[in-house]
Amino acid sequence: MKKYLFFRVLRSIVSIFLVTTIAYIMVFSMVPRRDIFKQDPMIQKLANDPDSLTDYKENAYRKMNYIDYFDTKSLIAKVEAEHPDAKVTTAHTAANAKLFKEWANDNGYKLNRYSVSKNYYVTRELPLLERLGRFYGNLIQIDTPWAIHDKSNPKLARYLRIENDKTVGWAVVGSGTRYRYQIYFNGSFPFIHQNIIKFNLGTSYPTFAGNAVTDVIGGRQGQTVSTKYKFPNGQVMNTADNVYTRQYQSPSRRNQMSYERYEDDYTNVDQVNQDPSMIGTSVRAGFWALILSYVIGIPIALGMARLKGKWFDRLFTGVVTVLMAVPGLALIYTFRYVLSVAGAPDSFPTKGASAFSSWVGPTVVLALLSVSGIVIWFRRYMVDQQQSDYVKFAKSKGLTDREIYRKHIFKNASIPVVQGIPSNIIGLISGAMMTETVFAMPGMGKMLPDSIIAHNNSVVIALVFIFTTIGVFSVLLGDVLMSIVDPRIQLAVSGDEQNG
Amino acid sequence: MSEEEQKTILKVRDLSVEFQVRGKTLKAIHHVSLDLHDGETLAIVGESGSGKSVLTKTFTGMLEQNGHVSGGTIEYNGQMLTDLKNDKQWVKIRGKEIATVFQDPMTSLDPIHTIGSQISEVIVKHQGKSKSEAKKMAIELMGRTGIPDAAERYGDYPFEYSGGMRQRIVIAIALACHPKILICDEPTTALDVTTQAQILDLIRDLKEEYHFSIIFITHDLGVVASIADRIAVMYSGRLIEVGTVDEIFYDPRHPYTWSLLSSLPQLATKDTNLYSIPGTPPSLYSEIKGDAFAPRDPYALKVDFEREPPLFKITDTHYARTWLLDPRAPKIEKPEIIQNLHERIEKQMESDFMKRAETEGEVNAS
């Protein structure tokens, strides 16, 4: 079992890697790169300033990992680093030009000039493999006490220790690390948190320009919320700062007020926002929708199977057939109308994420959309089980129908259902596109099509990566669940020791 | 036979069963009357579709949904089973009074519950024992039905058992509540010959110990000879002959019984073909006129095609439904192949036994 799981996880990781790589190669080689500026308002604004426009575009390409780009200032710095004795300036002299050319040739860069100022800059096309290498190389970032190297702060202490911190209480506190609090506890799920391992999926562009993709997908949204904290200097105040996310800030860019408050160089904090992240919104709605759909679907299927051929069965066969036949969008609008008559807001932002009633519409609609599948299949499995010999025998040994359904048929019929639950969650999260659009819900469902339209390559790749990961592992989870419910199924590689 | 053994535990009178199949009525059981005595083993034989299983299903109210008893009564120990309306009332009979062992042990057990829980489930249900008591009784029962290391194997799942072992478990479950009647619906058909013999031995032993009556459904006359006290022969939903084993084997009266006995594989020798009954059984959808077997009967009289024969009494225990027994009928001898059946079978079994002893000796030696 352990051996099997190990190899299965290994294979899962390989398949995630393959899918992501293929998506990466396709997106970055087949989508014309100039398309990323199609909807960018900055292009219009900079139209009168060709140099800035060039700089803006090359910077954008750099952020998206198409090229390496150094503007004049950085180029001079690079050249000077290589020739410490030479005096390099922006002036268009032959000497400068020679040095730039030399450096560009040595490092494989292409020397260009801005069209107006005629200043030099360099670019280098990143080969696809190098781009991939960077993507995977930066994918997982592990924080260590040796993570920060700051020339302006040579005496930065380097340690990891358990402390009863004044602000956050007991925590694993680091110095020399990117994050101050490596492991900490608080009242929000899952109660134990860490800042040691972080995913870096690149930078979002052109939508959510400049933000880390992980923040775009996983960062909280909406208005900031203030919480009362006691700071290391003893001051107690309300702040929207998320003190748990304190990151290193170089003394060269120190904010004196924050520095006094925290009494160290970890003053770079995120804000606390009130609404869940995009992924959180989708997961929350998807999870409850899943539960709701099974809570509705299973009893109906059970009743239909028990009363097979009777009016109850026929009625719901009709209902389910209609649900499956009518296009999803029509159903969403119909359900939304019905729910709004019942008092639920028909748009998510009307009351916002903090109001329970906002969640009712999307969740119920999502659930109802998947109820029909559950009912059809679970009824089918139950009916199959009803006709099996062991049910006949159970009846002959004197069990009532009720007992037979509860102890035998239900459990047997749930085996295939149990296996499908994790994949169903994925379906609900990633398939919520229409529902989220109709309810104007700030979730992840419509992000993939949105980012494809906006040519936000990094987000596309990140979503492919996330969906693949969840998808692959949910299949694995489904198999594990199934092996728990069904003793006949043992997760083992062939040749593995079978324990009888 | 003593008086007590002759006590009738199950009385079937004039029972008819019909099925509704796609708007048509199928008459599966046609006016059957039958008694089951306390402590006896009654074998019901007949070819596929003759109504053997349907008949016994009516005893436990387990007819398929489209079937119903259209006439007659079944009386068990003074209780009218034909009056039972719903499952709630039947639950008191099923398992507790009348238990059934089905043909295929591979599928008779719930694949995802442990063997033990499936036995103790019944004990808890019918005898109101606590779980730990039930477990103790279940383990005892498992040991009794020949499961080695019963306590350790209590928590095993059916897929970890062989077919023979599973049938032992099925029998253990059936006997868990000490039923008065055990219906064995071809319990050995799906098993190999050696296991078959073991299961038959087991049933016989357990019958001694627990004192129940057996209704044994089979089309294997060899099995019948080794286990039954009485035999009922069925054809097309009709009971055509009933008698003790000796009477049926050595003094059969109905031409169908003759044919059935003639087709015993034990009677075929190297140089003769195995006898088979020509033709097919009649359709049960239409009303059968006269003797149902008449069209396939080489001895059929004219009257056989016109009127249904009554049940003629031959001895106190032997009855047959054929016009040949009418005083006006011509005297017809049973076919030659089944004369001296006793000697023939004995001879055959002897040589079989010798052969088996030889092969077993070889197996043991190796």
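Residues numbered from 1 in each chain as written. Chains lettered and ligands numbered in written order. Predicted model: local features only at pLDDT ≥ 70, side-chain atom pairs only at ≥ 80, totals over all residues. Heavy atoms only, no water.

**Describing the interface of chain A and chain B**
For interface size, the figure often reported is the accessible area lost on association. Every contact between the two is made by 22 residues of chain A and, on the other side, 27 residues of chain B. Together, the buried faces of chain A and chain B total about 2,300 Å²; carbon and sulfur atoms form 60% of this surface. Counting across the chain A and chain B interface gives 3 salt bridges. In this structure, K407 of chain A and E121 of chain B form a salt bridge, with 3.8 Å as the shortest nitrogen-oxygen distance. Across the contact surface, chain A and chain B share 11 residue pairs in polar contact (both at pLDDT 80 or more). (Contact = heavy atoms within 4.5 Å. Buried area = accessible area lost by both parts, 1.4 Å probe. Salt bridge = Lys/Arg side-chain N within 4 Å of Asp/Glu carboxyl O. Polar contact = N/O pair within 3.5 Å; in protein donor to acceptor, adjacent residues only side chain to side chain.)

**Some details on the sheet that holds strand β10 (residues 238–244) of chain B**
Residue and element names in this part refer to chain B. Taken together, the 8 strands give an open sheet; going across it, the order is β6-β7-β8-β3-β9-β10-β12-β11, and neighbouring strands pair in mixed fashion. Each edge of the open sheet is held by one strand with a lone partner, namely β6 (98–101) and β11 (312–313). Direction of pairing for strand β9 (residues 230–235) relative to β10: antiparallel, over a ladder of 6 bridges. Bridging from a neighbouring strand, R230 pairs with T244 of β10. (Pairing = 2+ DSSP bridges. Helix = DSSP H or I, 4+ residues; strand = E, 2+ residues; numbered from the N terminus.)

**A look at the pairing of strand β12 (residues 236–239) of chain A**
Residues and elements named next belong to chain A. In the sheet, strand β11 (residues 227–230) pairs with β12 via 4 bridges, with the strands oriented antiparallel. By the bridge assignment for β12, Y229 is matched with M237. Counting the residues in the hairpin turn of β11 and β12 gives 5 residues, including G234, whose phi is positive at 95°.

**A word on the pattern of salt bridges**
A full pass over the atoms with the stated rule returns 32 salt bridges over all chains. With its nearest N and O atoms 3.0 Å apart, the salt bridge here joins R94 of chain B to D87 of chain B. On the accessibility criterion, D87 of chain B (27% relative accessible area) is partly exposed. Each of the salt bridges in this network shares a partner with another, and the network as a whole consists of D68, R124, E130 and R134 of chain A. (Buried < 20%, exposed > 50% of the residue type's maximum accessible area, 1.4 Å probe, protein only.)

**Quick notes on a nonpolar patch on the surface**
All names here are of chain A. A cluster of nonpolar side chains, namely V14, F17, L18, I22, M26 and M30, defines an oily patch on the protein surface of about 600 Å² accessible area. Its location among the elements puts F17 in helix α1 (residues 2–30). Classification of F17 by relative accessible area gives partly exposed; the value is 40%. (Patch = residues over 30% accessible without salt bridge, like charges linked within 9 Å, V, L, I, M, F, W, Y side chains within 5 Å. Areas by Shrake-Rupley, 256 points an atom, 1.4 Å probe, with all protein chains shown as cover.)

**What to know about the pairing of strand β7 (residues 181–185) of chain B**
All names here are of chain B. Summarising burial for β7: 5 of the 5 residues are buried, a large majority. Because side chains alternate across β7, one face comprises the buried residues I181, I183 and D185, and the other comprises L182 and C184, equally buried. The pairing of β7 with strand β8 (residues 213–218) spans 5 bridges and is parallel. Pairing of I181 across the sheet is with S213, part of β8. The parallel pair β7 and β8, bridged by helix α8 (residues 193–210), forms a crossover whose chirality is right-handed. (Right-handed = clockwise from strand over helix to strand, strands pointing away.)

**Description of the domain arrangement of chain B**
Residue and element names in this part refer to chain B. By domain assignment, chain B separates into domain 1 (7–228) and domain 2 (234–344). On a C-alpha basis, the centroid separation for the pair domain 1 and domain 2 is 28 Å. Listed per partner, the contact involves 26 residues of domain 1 and 21 residues of domain 2. Taking both partners together, domain 1 and domain 2 bury about 1,900 Å²; carbon and sulfur atoms supply 63% of that area. Among the residues of domain 1 in contact with domain 2, H30, E47 and L221 are the three that bury the most area, contributing 33% of the side total. Across the contact surface, domain 1 and domain 2 share 1 salt bridge. Broken down by secondary-structure element, the contributors of at least two residues to the side of domain 1 that touches domain 2 are β2 (24–37), β3 (41–45), α1 (52–59) and α9 (221–227). The element contributing the most residues to the side of domain 1 that touches domain 2 is β2, with 11 residues. Class assignment for the residues of the side of domain 1 that touches domain 2 results in 13 nonpolar, 9 polar and 4 charged. (Domains from an automatic or database assignment. Nonpolar A, V, L, I, M, F, W, Y, C, P; charged D, E, K, R; others polar.)

**Quick notes on the UniProt feature "domain: ABC transporter" (unreviewed entry) in chain B**
The positions UniProt marks with the feature "domain: ABC transporter" (unreviewed entry) are residues 10–261 of chain B. Structurally, residues 10–261 of chain B comprises 39% helix and 28% strand, and the distance from its first C-alpha atom to its last is 27 Å. (UniProt positions renumbered as here; feature names shortened; annotations may be inferred.)

**Topic: helix α5 (residues 131–144) of chain B**
Residue and element names in this part refer to chain B. For α5, with 14 residues, the first-to-last C-alpha span of 19 Å sits near the 20 Å given by 1.5 Å per residue. Those residues of α5 that fall on the buried side of the exposure criterion are A134, A138, L141 and M142. For α5, the angular spread of the buried residues around the axis is 100°, confining them to a single face. For α5, exposure combined with an orientation more than 90 degrees from the buried face picks out S132, K136 and E140. Following α5 by one or two positions, G146 has its phi on the positive side, about 90°. (Expected span 1.5 Å × (residues − 1). Arc of directions from axis to C-beta.)

**Quick look at the packing of helix α4 (residues 72–82) of chain A against helix α5 (residues 94–107) of chain A**
All names here are of chain A. For the pair α4 and α5, interaxial distance at closest approach is 10 Å and the crossing angle is 80°. When the axis of α4 is compared with that of α5, the two are roughly perpendicular. Residues L75, I76, K78, V79 and E82 of α4 form the contact with α5, whose participating residues are L99, F100, W103, D106 and N107. (Axes fitted to C-alpha atoms, helices over the stretch in contact; angles between N-to-C directions. Parallel < 35°, antiparallel > 145°, perpendicular 65-115°, else oblique.)

**Concerning the UniProt feature "transmembrane region" (unreviewed entry) in chain A**
Residues and elements named next belong to chain A. UniProt feature "transmembrane region" (unreviewed entry): in the numbering of this structure it lies at residues 12–31, 285–303, 315–339, 359–378, 415–439 and 459–481. Helix makes up 100% of residues 359–378 and strand makes up 0%, while its end C-alpha atoms are separated by 27 Å. This span, residues 459–481, is 100% helix and 0% strand, and a straight line between its end C-alpha atoms measures 32 Å.

**Re the side chain of R180 of chain A**
Examined against the element boundaries, R180 of chain A turns out to sit in the loop between β6 (169–175) and β7 (181–185). Residues within four places of R180 of chain A in sequence aside, it is in contact with Y159, V172, V173, G174, S175, R246, D264 and Y266 of chain A.

**Examining the environment of K87 of chain A**
Residues and elements named next belong to chain A. With respect to the helices and strands, K87 occurs in the loop between α4 and α5. Of the residues examined, K87 reaches a relative accessible area of 69% and is grouped as exposed. Sequence separation between K87 and L99 is 12 residues, and the spatial gap between their C-alpha atoms is 9.9 Å.

**Describing the environment of L290 of chain A**
Residue and element names in this part refer to chain A. Tracing the sequence through the fold places L290 in helix α9 (residues 278–306). The spatial distance from the C-alpha of L290 to the C-alpha of L428 is 7.3 Å, given a sequence separation of 138 residues. Beyond its immediate stretch of four places on either side in the chain, L290 contacts I421, N424, I425 and L428.

**Topic: the packing of helix α4 (residues 115–127) of chain B against helix α7 (residues 163–175) of chain B**
All names here are of chain B. Packing of α4 against α7 brings their axes to within 8 Å, and their N-to-C directions diverge by 20°. Relative to α7, α4 is oriented roughly parallel. Handedness of the α4/α7 crossing: right-handed. Contact with α4, carried on its side by I115, Q118, I119 and V122, involves I169, A172 and I173 of α7 and no other residues of that element. Taken together, the residues that form the contact of α4 with α7 break down as 6 nonpolar, 1 polar and no charged. (Left-handed = near helix turned anticlockwise from the far one by under 90°.)

**Some words on the nonpolar core**
One recurring pattern in soluble globular proteins is that nonpolar side chains are buried together. Counting 105 residues, the largest nonpolar core has L10, L34 and I119 of chain B as the members making the most contacts within it. With 8 residues, the top contributor of residues to this core is α7 of chain B. Formed jointly, this core draws a minimum of three residues from each of two domains, domain 1 (7–228) and domain 2 (234–344) of chain B. In contact with I119 of chain B, not counting residues within four places along its chain, are A138, L141, M142, I169, A172, I173 and A176 of chain B. Counting 40 residues, the second-largest nonpolar core is a separate cluster that includes A23, Y56, V459 and A462 of chain A. (Core = buried A, V, L, I, M, F, W, Y, C linked by side-chain atoms within 4.5 Å.)

**A short note on the packing of aromatic side chains**
Tallied over the entire structure, the rule returns 36 aromatic pairs over all chains. Between F37 of chain A and Y61 of chain A the ring centres are 5.4 Å apart and the planes differ by 65°, which places this aromatic pair in the edge-to-face class. Here the residue F37 of chain A occupies a position in the loop between α1 and α2 (41–45), and Y61 of chain A occupies one in helix α3 (residues 50–63), the gap between them amounting to 24 residues. Judged by its relative accessible area of 7%, F37 of chain A falls in the buried class. Accessibility expressed as a relative area gives 11% for Y61 of chain A, which makes it buried. Pairing Y157 of chain B with F159 of chain B gives two aromatic rings, centres 6.2 Å apart and planes at 15°, and the pair type is stacked. Using a relative accessible area of 33% as the deciding quantity, one classes F159 of chain B as partly exposed. These aromatic residues form a ring-pair network of at least three members: F17, Y24, F28, F37, Y56, Y61, Y66, F135, Y136 and Y205 of chain A. Sitting above the plane of the Y159 of chain A ring, R161 of chain A keeps its charged end 3.9 Å from the centroid. (Phe/Tyr/Trp six-rings, centres within 6.5 Å; stacked < 30°, edge-to-face > 60°. Lys NZ or Arg CZ within 6 Å of the ring centre and 35° of its normal.)

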